[in-house]
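# Descriptive analysis of the structure
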Amino acid sequence: MKGKLIVLEGTDASGKSTQFARLCQYCDDRQIEYRRLVFPRYHEESSALIRMYLGGEFGSHPDDVSAYAASTFFAVDRFASYRKEWKDYYENGGLILADRYTTSNAIHQASKLEGTEQKAFLEWLFDFEYRIMGLPAPDHVFFLDMPTEAVHELLIHREGKEIDIHEKDIPYLKRCYDTASALAERFGWERIRCTENGAIRPIEEISADLTNGVSALLRK
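Residues numbered from 1 in each chain as written. Predicted model: local features only at pLDDT ≥ 70, side-chain atom pairs only at ≥ 80, totals over all residues. Heavy atoms only, no water.

Quick look at the packing of helix α1 (residues 16-29) against helix α9 (residues 203-219) now. Closest axis-to-axis distance for the α1/α9 pair is 10 Å, and the angle between their directions is 50°. On the basis of the axis angle, α1 is oblique to α9. Here the hand of the crossing between α1 and α9 comes out right-handed. Facing Thr18, Gln19, Arg22, Leu23 and Tyr26 of α1, the residues of α9 in contact are Ile203, Glu204, Ile206, Ser207, Leu210, Thr211, Val214 and Ser215. Across the contact of α1 with α9, the residue classes tally to six nonpolar, five polar and two charged. (Axes fitted to C-alpha atoms, helices over the stretch in contact; angles between N-to-C directions. Helix = DSSP H or I, 4+ residues; strand = E, 2+ residues; numbered from the N terminus. Parallel < 35°, antiparallel > 145°, perpendicular 65-115°, else oblique. Left-handed = near helix turned anticlockwise from the far one by under 90°. Contact = heavy atoms within 4.5 Å. Nonpolar A, V, L, I, M, F, W, Y, C, P; charged D, E, K, R; others polar.)

Below, the structure written as structure tokens:
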């Protein structure tokens, strides 16, 4: 009996880490049993190529590494996590909450391509991770809809965290947001609106929308 895999997605600096932490706290407070996943797993050996890529060792811009090559870096880290940490729990009916997943490759790497090339890449990506690598597909994806203008503002005021090659490239972030919006529409991801009238909504309001959405899923 397979479990339920719920994924939280968003572009860089969309407030995803904060909202994911609040979601996990919500489940803890209600004694909901689940496993918490955060990708990439920077502290694990399986993320070595990710760290090199995001650190600019293969080029200072995201487009310096092809969508296919970069996707394999992130997919290997997920594969190691699945096989070593949560496969049995999930296959026995467990609830998984994930901060990023294959859907992040779809957002960030597909943004390097356009038209038929992007379509072919997405078909390859989902086949590669879900069929060839054997990773489970998400049951539901929540997308934090934070427009790039607001993301740029958050990055300017961010303290205490090094900015990687994705976050430094604002035109690339804009492409990622446009791609994510199109994917959300195409695949039925549930949007969590993060701005209103051009201003970022309060963290508590965004969190309430997310937790209400997850709660509704768990009642089904």
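Next comes the rest of the write-up.
Another aspect to go through is unusual backbone geometry. Note the cis peptide between Phe39 and Pro40, where omega equals -5°. Mapped onto the secondary structure, Pro40 falls in the loop between β2 (35-38) and α2 (48-54). Although it is not a glycine, Arg100 adopts a positive phi angle of roughly 80°. By the secondary structure assignment, Arg100 is in the loop between β3 (95-99) and α4 (102-108).

This paragraph deals with the pairing of strand β4 (residues 140-145). Counted residue by residue, β4 has six buried out of six residues, so it is predominantly covered. Residues of β4 alternate between two faces, with His140, Phe142 and Leu144 on one and Val141, Phe143 and Asp145 on the opposite face, all of them buried. Here four bridges tie β4 to strand β5 (residues 190-193), and the two strands are oriented parallel to one another. Within β5, the position partnered with Asp145 by the bridge is Arg193. (Buried < 20%, exposed > 50% of the residue type's maximum accessible area, 1.4 Å probe, protein only. Pairing = 2+ DSSP bridges.)

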